[in-house]
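# Chains, contacts and geometry: an overview
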There are 2 protein chains.
Amino acid sequence: MHQTTIRVAEGALDANETIAGSNRGDFDRAGVRVLNLMSAPGAGKTALLEAALRETGDVRAGVLEGDVRGRLDADRLSHLHVPVTQINTDPAFGGECHLDANMVRSALPQIPLGEIDLLIVENVGNLVCPAEFTVGEDARWMVSSVTEGEDKPLKYPLMFRTCSLVAINKIDLLPHLDFDLDLFLANLAQVNPDAETLQLSARTGEGVEAWRERLLGLASAGR
Amino acid sequence: MHQTTIRVAEGALDANETIAGSNRGDFDRAGVRVLNLMSAPGAGKTALLEAALRETGDVRAGVLEGDVRGRLDADRLSHLHVPVTQINTDPAFGGECHLDANMVRSALPQIPLGEIDLLIVENVGNLVCPAEFTVGEDARWMVSSVTEGEDKPLKYPLMFRTCSLVAINKIDLLPHLDFDLDLFLANLAQVNPDAETLQLSARTGEGVEAWRERLLGLASAGR
């Protein structure tokens, strides 16, 4: 059974790469840069997008929300002046734990690619499978909350390795936790020595300006 | 492709149920009660087990640790007087995001079933797929941290629905968060009105005595 599982998985990943390539072609033709934003549940992806997208200057941003069920995050972003599209993954059995290229492809007709420069794909909260499935993105970033503990880069190495930037969120809670930031950074360096990091708090606003600049800068980043 | 995905998934779930039944038979014959303990990454499962298993009275407990990679959690529990067995899920492509019945079955020879009354299976940190795969357990519980936000029962309904007890952890952080506990409980009641809850903090010890009693009580609970 195990071998069968692996073969099915490899076939699914190959198919995913093919469809991700088609998505990428569509994004390129429309001149849209795409970020795949990932994290564990509750790490603060939506709060950080809310904070960053209040002021987008001359960047036309859009968001694609991936959730097992509901449109809570899309509703949270609905007061912003950016188009938000929701995908739910639950039609496929108990709910898929990640977005894949085909789900994003099926949402493309609802995304106004001609009216945006930057599409932020907010993935399902999960530190395992989202890292395995590309969706046609230019960049992969993640949010890691200091409440999750220092060991996460070692326990979920593929996720931390696949992301070029790790936003370390909820640093306002550091005085109330036994979290060792240096140890977290050392663990991160062990699996991904090239990862850029930002320390910030969506709640207090600390570091959010740097986060906004870095995020919006993706729209004009070289490929 | 979508229909194929669903068929493969249903076949895998059927096979899982069959193997879970075999596991359950082995556990029953050995007189071992089994808890499947689930949560998002970093919610505090290991810390709560560490706190509870310091004093197990006349209950002989054992732990089965599921992680994508490494044995960090097993090492954290190694100073306790309980047998700890580690499963890593990463031999199957980028790493499975959950334990399934077959992985637990393959670990059975390493678990001293004749020497324990209660086996606690600490699942991979993930709020989606672990809820879909039974492993032969008598009870399913979860840990939810107040740092994850009030919306989680609505975003991951299967997980919250499948668990009979939700341990609400890190309540020492409540004064430093915008977390609305009443709203969380209302959201939980919406998806699982019968869920038992415990409010506690592994860090300060608040509520840990009740958690220990409830956990060790599983060893003698009726089926």
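Anyway, here's the lowdown on the structure attached to this text. The structure displayed is predicted, hence computed values, not measured ones.

### Side note on the environment of A:Cys97
Position of A:Cys97 relative to the elements: it lies in the loop between β3 (84–88) and α4 (101–107). Classification of A:Cys97 as buried rests on a relative accessible area of 2%. When neighbours within four sequence positions are excluded, A:Cys97 is seen to be in contact with A:Val124, A:Asn126, A:Cys129, A:Pro130, B:Cys97, B:Val128 and B:Cys129.

### Examining the packing of helix α2 (residues 45–52) of chain A against helix α8 (residues 208–217) of chain A
All names here are of chain A. In contact at an axis separation of 9 Å, α2 and α8 are set at 85° when each is read in the N-to-C sense. One finds that α2 runs roughly perpendicular with respect to α8. Every residue of α8 that contacts α2 at Leu48, Leu49, Ala51 and Ala52 is listed here: Val208, Trp211, Arg212 and Leu215. Here the residues of the contact of α2 with α8 are counted per class, giving 7 nonpolar, no polar and 1 charged.

### Regarding unusual backbone geometry
Outside of glycine, negative phi angles account for most residues, and trans bonds account for most peptide bonds. Residues and elements named next belong to chain A. Even without being a glycine, Lys170 presents a positive backbone phi close to 65°. Structurally, Lys170 can be placed in the loop between β6 (165–169) and α7 (181–191). On the basis of relative accessibility, which here comes to 13%, the residue Lys170 falls in the buried class.

### A few points about the nonpolar core
Judged by nonpolar contacts, the single largest core of 52 residues is most densely connected at A:Met159, A:Phe160, A:Val166, B:Met159, B:Phe160 and B:Val166. Among the secondary structure elements, those contributing two or more residues to this core are α6 (157–162), β6 and α7 of chain A together with α6 (157–162), β6 (165–169) and α7 (181–191) of chain B.

### Some points on the sheet that holds strand β3 (residues 84–88) of chain B
Residue and element names in this part refer to chain B. A sheet is described by the order of its strands in space; here 7 strands give the open sequence β3-β2-β4-β1-β5-β6-β7, paired in parallel fashion. Two strands in the sheet have a free side with no partner beyond their single neighbour: β3 and β7 (196–199). Sheet twist, expressed as the average angle between the axes of neighbouring strands with direction ignored, equals 20°. Across 5 bridges, the pairing between strand β2 (residues 61–67) and β3 is parallel. Looking across to β3, one finds that Asp67 is bridged to Asn88.

### Some points on the environment of A:Arg24
All names here are of chain A. With respect to the helices and strands, Arg24 occurs in helix α1 (residues 2–30). Distance from Arg24 to Ile116, taken between C-alpha atoms, is 15 Å for residues 92 residues apart in sequence. Of the polar contacts made by the side chain of Arg24, one reaches the side chain of Asp138; its length is 3.1 Å.

### Side note on the pattern of salt bridges
With the rule as written, the count across this model stands at 34 salt bridges over all chains. A salt bridge links A:Arg71 to A:Asp75; the shortest N-O distance between them is 3.2 Å. The network of salt bridges with shared partners includes A:Glu50, A:Asp67, A:Asp73, A:Arg76 and B:Lys155.

### Quick word on the packing of aromatic side chains
Residues and elements named next belong to chain A. Counted according to the given criterion, the structure contains 6 aromatic pairs over all chains. Seen from their ring centres, Trp141 and Trp211 are 5.7 Å apart, and the 55° between their planes marks the pair as tilted. Of this pair, Trp141 sits in strand β5 (residues 139–145) while Trp211 sits in helix α8, placing them 70 residues apart in sequence. With respect to burial, Trp141 and Trp211 carry one shared label: buried. Ring geometry for Phe160 against Phe184: centres 6.2 Å apart, planes inclined by 70°, an arrangement best described as edge-to-face. Separated by 24 residues along the polypeptide, Phe160 in helix α6 and Phe184 in helix α7 bring together distant segments of the chain.

### Remarks on α7(B)
Residue and element names in this part refer to chain B. Listing the buried residues of α7 in full gives Leu181, Phe184, Asn187, Leu188 and Val191. Projected down its long axis, α7 carries its buried residues within an arc of 125°, all on one side. In this structure, α7 carries Asp182 and Gln190 as exposed residues pointing more than 90 degrees from its buried face. Among the structural elements, β5 (139–145), α5 (152–155), α6, β6 and β7 are those in contact with the buried residues of α7. The backbone nitrogen of Asp182 has a side-chain oxygen 3.1 Å away, supplied by the residue at the start of α7, namely Asp180.

What counts and what doesn't
- Residues numbered from 1 in each chain as written.
- Chains lettered and ligands numbered in written order.
- Predicted model: local features only at pLDDT ≥ 70, side-chain atom pairs only at ≥ 80, totals over all residues.
- Heavy atoms only, no water.
- Helix = DSSP H or I, 4+ residues; strand = E, 2+ residues; numbered from the N terminus.
- Buried < 20%, exposed > 50% of the residue type's maximum accessible area, 1.4 Å probe, protein only.
- Contact = heavy atoms within 4.5 Å.
- Axes fitted to C-alpha atoms, helices over the stretch in contact; angles between N-to-C directions.
- Parallel < 35°, antiparallel > 145°, perpendicular 65-115°, else oblique.
- Nonpolar A, V, L, I, M, F, W, Y, C, P; charged D, E, K, R; others polar.
- Core = buried A, V, L, I, M, F, W, Y, C linked by side-chain atoms within 4.5 Å.
- Pairing = 2+ DSSP bridges.
- Polar contact = N/O pair within 3.5 Å; in protein donor to acceptor, adjacent residues only side chain to side chain.
- Salt bridge = Lys/Arg side-chain N within 4 Å of Asp/Glu carboxyl O.
- Phe/Tyr/Trp six-rings, centres within 6.5 Å; stacked < 30°, edge-to-face > 60°.
- Arc of directions from axis to C-beta.

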